Amino acid sequence: MIEGNKTLNVADYLPGLIGTVLDTGVTITGAEIAAECEIVGQNTTCWCGPGYVWSNYVCDNVNKCCNVYQCVANISNFTPLCLPIANVSLIGTLTGSSSSVQTMLTNAFNVLNAFNSLTMQASLLTGLNTYSHNFTVSLGAVFATSKVQGIITTLLTNPAIYTLNVKTLGLVYIEAPAGKLCYNSRQQLNCTSIEAMSKCVWQMSRGDEAPLTLGPGSEIMLSDTCTEMSAVTLLKTNGYWSGTYSCLFVTDNVAHMAMAPVDIALLPEASNVTSNPQTIDCSASSTTKVTITCSIFNSTETYKSQLKLGSMENLTPTKLESNGLIKYSADFTVNCLATGKPPSLTASCVLVNSLNQQRNFSASVSVIYPNDLFCAAEVISTRTWPKTKNNDTAVIDCTATGRQGTLTRKCNGKTWGQEVSLCVKAFLSNVASQASDFEKGLGATQGGAQYIFQSLKNNTASEEDGENSFGDISTAVNVFQTMKAASVNVPLGENLLPDFLESASSILNGSWEVGDKTQSGALASQYLSSVEGLVKSIRINTSEGYNASNIQLQVCKGGSGCNKTIFNVDIEVNATADMVKTVGLQSLANLLPKVGYENSLFPSIVVSSTVENNTQASVNIRLAFPNEEGINAAMQCVFWNVSEERWSDEGCVYVKGRGGEGYCQCNHLTSFSMLMSKYPISMPFLDQLTYIGLGVSICSLLAYIIIEFLVWSAVVKSNLSHFRHTALVNIALSLLLADCSFLASSFPSILNETLCLVLVVAKHYFFLAMFFWMLCLSLMLVHQLIFVFSRIGKKVYMILGFTIGYFCPTVTVAVTYVYYEEATSIPYYSSKTCWLTYQSPMQGSIHAFLFPVGTIVLVNMCSMLVVIATVLKPSGAETNKKGDKDAAKSIIKVILFLTPVFGGTWILGLFVFLIDDSSQFITYLVNYLFTILNSLQGFFILLTGCFAEKRVRDEILKIIVGKSAKEQNTTTSVAK
């Protein structure tokens, strides 16, 4: 504040302030007049400088100053007095019964500070006596949200106003990457509001399309904070994410908004490379012409294009835009007499964007030579099938009205196969696109999910477009799979059940039969997997289930059991769980592949049960199917193995009751042999043996560690004994912790993801630590026997032992975890088993357990052979042979006792992993032996580590006898 008389021209002195450094360290870089006040006697008249308006502090405390140029009031000491003009807009929508609302709105909003104008944008009659009005309020200053909400609340008390909401511009600041962004890059947008609000929403729009709300998805991530600051991260920029982004901070009827465009250098997500004719015909000429076309969806990006056919290329293909597609085409002349006569040529399309990023698409084009088998061109109705080479599949576009896609037909020798319609209803194709956007994060809200399932139900249940074709079914199943994947990020509510189940029921009535049984069987398997996954993912609160024509869902909540009847199948689930969901699917069993059961008759019904938060050790399921074949039929109970995509009878038995009636009983548990198997094992009593063995093992290991503590000073007298007992104690400690971790993870369904991961890491680490200490023990024994005069010092051995025993497993586990979490799509662990994963040979984290274990066991077995050979080697004179034989006999006996601490029994685990056929007797034998021997490994260590060593036995006996004698002496003295 500068004070002076009326003749003082303050503006002339302002430049002198520039460059001044204040006591606080602030340097003045610019100065201009914000406000001036004229004080005459007791009266003060103030006004704002050019480009400034009254502050809200002035306007709220002295109402008469609002929206006037000069204010006669004693406000010269207000801080701030005036602020720079801010361009703020309120964009509102009002619905009500009045056809004209401008005067009412102007009178309501002109009380805001720096009110400029209110403009009506549009007024439409939207219903009976209902109008929708869009208006904009222009302000020169920011405002408090509570003040505008107060105005709206007052207006809504008018019965002529139904709804009123406003969005603002100018109160939120958005930071967005500028310029054209690289395709497939990671980008982040940040928003900051000038005041805290209740919630925030991110939206994105493309062109003139309505904005879609963003949610968590596979390609987008939203920040957790959402009141004053919010961020959205695009994990993989592509054509889906190019558009205008809006962030909205919302409280009641007011939303503060900011917008920013994001321009991405696009590359096509998909392309269709085709040849005309589809097959290169070299059967009757030395050269032939072929047209290669590369089709992509319309794009705002201008691409450089290049087409190739074999070694030929065209750098300037013609470009044609039509029906929402861009087509690049080029003609090529093929030399039919080329050396080698390749059976096919590769047609490729290269598209380069404005940042020189490129994407390649290709397709194989078959060549027909003289003497090659082929199917002649054929016309069926309006469909023309082109000349096609043997074993190739011809593809033509759909011609039916209202459908998109293709029809396919395979050529077998000289005979055409069955036509397969992959034509899809146009509306159904749009639903699939919406589901794909939803999974990525675009429109990923509960409302978006409900719209997708409603649209799916309407388009699959409608009879106007005819029966659902194989293409319709395939598209609908794809929608189910996509929404199942999306449910990981966006919880799905029970309001989706009716639409979801009705659509899933409708497509079971469609045309599943095609010429290729493998194709239809694979689709049926995908259908079952996706329906089961969605039933499990949808969160049910109050619903008791839902029945459609081909699907019935029943829900049990709480309790220790669930008894339901679905399609005349009596189902009993014995489990103490929060919820049991049981779904029956009619007309599905015969569609699934029947590998191994080709001659069996399947009932039409497939029953699936999902148990949530089970607290019991096991889940027993009994299913009583109607027997339509009579009492003489051989019944067999099977379940659908999702991982192997086949029927299996593992863990399921048929129990025959009175009168020929019977039921299926299934029991799938977790057994110890799972550690070395590719998939969860289910065999009778295997889990009970595991738990009994582990209980005995844990008690034995605790006893062993206590005994070692008691006898250590008396038994450990030399370096050799110190090495041996140090290794044994660490083996026992590692095995004890591993066994405890295994028991804690026996029931994965009741564990959360974090605890499951911790237990997987613990098992992985402690089992490996046990084996690496076994390696130290075996190498030490071999060294002592071979290098008799070269002793290892205690310090050196301790350093080597702890480095190998604990550092090596630490590195193995850490590298495995980081690799599978960051570098591959295969997860480090499975939440269903709380153990490492197996996907295929050399793929899966379980190999980071198998390879170290297998290598160490092999080395230890070699060490054992070396020890045996050394012990049996003749030494001394003939007269000493008898003594040598006794020595060799006793040493071999000791080595046989050391087999448990050399990990010899784990060889069986390698066979468990390698054996695939679960129906063979040898499979059962190996699994039972592995489980029994290795679950009791702690007991064997107690036997070999304590009771097999005479000095330990003697010391234990001394402790026991000495204690008894002491007690006896104490008793005698008291008696006297």
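Calculation notes
Residues numbered from 1 in each chain as written. Predicted model: local features only at pLDDT ≥ 70, side-chain atom pairs only at ≥ 80, totals over all residues. Heavy atoms only, no water. Helix = DSSP H or I, 4+ residues; strand = E, 2+ residues; numbered from the N terminus. Buried < 20%, exposed > 50% of the residue type's maximum accessible area, 1.4 Å probe, protein only. Contact = heavy atoms within 4.5 Å. Areas by Shrake-Rupley, 256 points an atom, 1.4 Å probe, with all protein chains shown as cover. Pairing = 2+ DSSP bridges. Axes fitted to C-alpha atoms, helices over the stretch in contact; angles between N-to-C directions. Parallel < 35°, antiparallel > 145°, perpendicular 65-115°, else oblique. Left-handed = near helix turned anticlockwise from the far one by under 90°. Nonpolar A, V, L, I, M, F, W, Y, C, P; charged D, E, K, R; others polar. pLDDT = per-residue confidence, 0-100. Polar contact = N/O pair within 3.5 Å; in protein donor to acceptor, adjacent residues only side chain to side chain. Core = buried A, V, L, I, M, F, W, Y, C linked by side-chain atoms within 4.5 Å. Patch = residues over 30% accessible without salt bridge, like charges linked within 9 Å, V, L, I, M, F, W, Y side chains within 5 Å. Salt bridge = Lys/Arg side-chain N within 4 Å of Asp/Glu carboxyl O.

Enquirer: Help me understand the overall build of the protein, please; the structure alone is not making it clear to me.
Expert: If you tally the helices and strands in the protein, you get 18 helices and 50 strands. Buried positions account for 44% of the 976 residues belonging to the protein. Counted over contacts in the protein with a minimum sequence separation of 6, partners at least 24 positions apart contribute 64%. Carbon and sulfur atoms provide 56% of the accessible area of the protein, an area that totals close to 49000 Å².

Enquirer: Before we go on, may I ask you to explain the environment of Ala589 in this structure?
Expert: Counting through the fold element by element, Ala589 comes out in the loop between strand S42 (579–586) and strand S43 (605–612). We classify Ala589 as buried; its relative accessible area is 1%. Here the alpha-carbon distance between Ala589 and Phe602, two residues 13 residues apart in the chain, equals 6.3 Å.

Enquirer: Got a minute to help me understand the sheet that holds strand S22 (residues 304–309) in this structure?
Expert: Each strand in a sheet pairs with its neighbour through backbone hydrogen bonds, running either in the same direction (parallel) or in the opposite one (antiparallel). One open sheet holds the five strands; their spatial order is S20-S27-S26-S22-S23, and the pairing between them is mixed. In this open sheet, the two edge strands, each paired with only one partner strand, are strand S20 (280–281) and strand S23 (312–314). Note: S20 against strand S27 (residues 358–368), two bridges, orientation parallel. The residue bridging Ile280 from the neighbouring strand is Val367, located in S27.

Enquirer: Help me understand the packing of helix H5 (residues 446–461) against helix H7 (residues 497–507), please; the structure alone is not making it clear to me.
Expert: When two helices pack together, their arrangement is captured by the angle between the axes and the distance separating the axes. Direction vectors running N to C along H5 and H7 enclose 30°, while the axes themselves pass 8 Å from each other. As summarised for this structure, H5 and H7 are arranged roughly parallel, according to the angle between their axes. With respect to the hand of their crossing, H5 and H7 are arranged in left-handed fashion. The residues of H7 that touch H5, namely those facing Gln450, Phe453, Gln454, Leu456, Lys457, Thr460 and Ala461, are Asp499, Phe500, Glu502, Ser503, Ser506 and Ile507. Residue classes in the contact of H5 with H7 are distributed as five nonpolar, five polar and three charged.

Enquirer: Whenever I open this one, the confidence of the model for the protein confuses me. Can you help?
Expert: Averaged over every residue, the pLDDT of the protein is 84; the share at 70 or more is 88%. The low-confidence segment residues 877–882, where pLDDT is below 50, has zero contacts with residues more than four positions distant or belonging to other chains. Overall, residues 965–976 carries pLDDT values under 50, and its contacts beyond four positions in sequence, including any with other chains, amount to zero contacts.

Enquirer: I keep staring at unusual backbone geometry and nothing clicks. Help me out?
Expert: The phi torsion of most residues other than glycine is negative, and most of the peptide bonds are trans. Each neighbour pair has its own omega, and for Thr79 with Pro80 the value is -5°, a cis peptide bond. Considering the arrangement of structural elements, one finds Pro80 in the loop between strand S4 (70–72) and strand S5 (82–84). Cis geometry marks the peptide bond from Asn276 to Pro277, where omega comes out at 0°. Positionally, Pro277 belongs in the loop between strand S19 (272–276) and S20. For Asn356, which is not glycine, the phi dihedral falls at a positive 65°. Tracing the backbone shows Asn356 in the loop between strand S26 (344–352) and S27. A relative accessible area of 57% places Asn356 in the exposed class.

Enquirer: I tried to follow the packing of helix H10 (residues 719–744) against helix H12 (residues 794–823) on my own but got confused; where do I start?
Expert: Where H10 contacts H12, the axes come no closer than 11 Å and their chain directions differ by 20°. In terms of orientation, H10 and H12 fall into the roughly parallel class. Two packed elements cross with a definite hand, and for H10 against H12 that hand is right-handed. For the pair H10 and H12, contact is made by Asn719, His722, Phe723, Thr726, Ala727, Asn730 and Ser734 and by Lys794, Tyr797, Met798, Phe802 and Tyr806, respectively. Residues that form the contact of H10 with H12 fall into these classes: six nonpolar, five polar and one charged.

Enquirer: Help me understand the environment of Ser935 in this model?
Expert: Within the secondary structure, Ser935 sits in helix H16 (residues 921–935). Put simply, Ser935 and Thr690 are 245 residues apart on the chain and 5.9 Å apart in space, counted from C-alpha to C-alpha. Side-chain polar atoms of Ser935 contact the backbone oxygen of Ile932, separated by 3.3 Å.

Enquirer: Got a minute to help me understand the nonpolar core in this structure?
Expert: A general trend in soluble globular proteins is that nonpolar side chains are found buried together. Counting 59 residues, the largest nonpolar core has Met770, Phe771, Leu777, Phe849 and Trp906 as its most contacted members. Among the elements of the structure, helix H9 (686–715), H10, helix H11 (753–786), H12, strand S50 (835–836), helix H13 (847–872), helix H17 (937–947) and helix H18 (950–975) are those that each provide at least two residues to this core. Looking at this core element by element, the count peaks at 16 residues for H11. Once you skip the residues sitting within four places of it in the chain, Met770 turns out to touch Ile731, Ser734, Leu735, Trp906 and Gln937. Of all hydrophobic cores here, the second largest spans 55 residues; its members include Ala504, Val514, Met579 and Val583.

Enquirer: Help me understand the side chain of Asn468 in this model?
Expert: With respect to the element layout, Asn468 can be found in the loop between H5 and helix H6 (470–486). A relative accessible area of 5% means that Asn468 is categorised as buried. Within the local environment of Asn468, its side chain forms a polar contact with the side chain of Lys425, the two groups lying 3.0 Å apart. The residues contacting Asn468, other than those within four sequence positions of it, are Lys425, Asn459, Thr460, Ile473, Ser506, Ile507, Gly510 and Ser511.

Enquirer: Please explain a nonpolar patch on the surface as it appears in this structure.
Expert: A surface patch of nonpolar side chains, amounting to about 400 Å² of accessible area, comprises Ile692, Val696, Phe939, Leu943 and Phe947. Where the nonpolar patch is concerned, the elements lending two or more residues are H9 and H17. If you tally residues by element for the nonpolar patch, the top one is H17, at three residues. Topologically, Ile692 is positioned in helix H9.

Enquirer: Would you mind going over the pattern of salt bridges with me for this structure?
Expert: Once their charged atoms are close, side chains differing in charge can pair, the charge on each being opposite to the other. The final tally for this structure, using the stated rule, is eleven salt bridges. Note that Lys180 and Glu301 form a salt bridge whose closest N and O atoms lie 3.6 Å from each other. Taken as a pair, Lys180 in strand S11 (residues 180–181) and Glu301 in the loop between strand S21 (287–297) and S22 lie far apart in primary sequence, 121 residues in all. Classification of Glu301 by relative accessible area gives buried; the value is 5%. Taking the shortest distance from any N to any O, the salt bridge between Glu378 and Arg409 comes out at 3.1 Å. Taken together, the positions of Glu378 in strand S29 (residues 378–380) and Arg409 in strand S34 (residues 406–412) put the pair 31 residues apart, joining distant regions of the chain. Since its relative accessible area comes to 28%, Glu378 is described here as partly exposed. Residue class for Arg409 comes out buried when judged on its relative accessible area of 8%.

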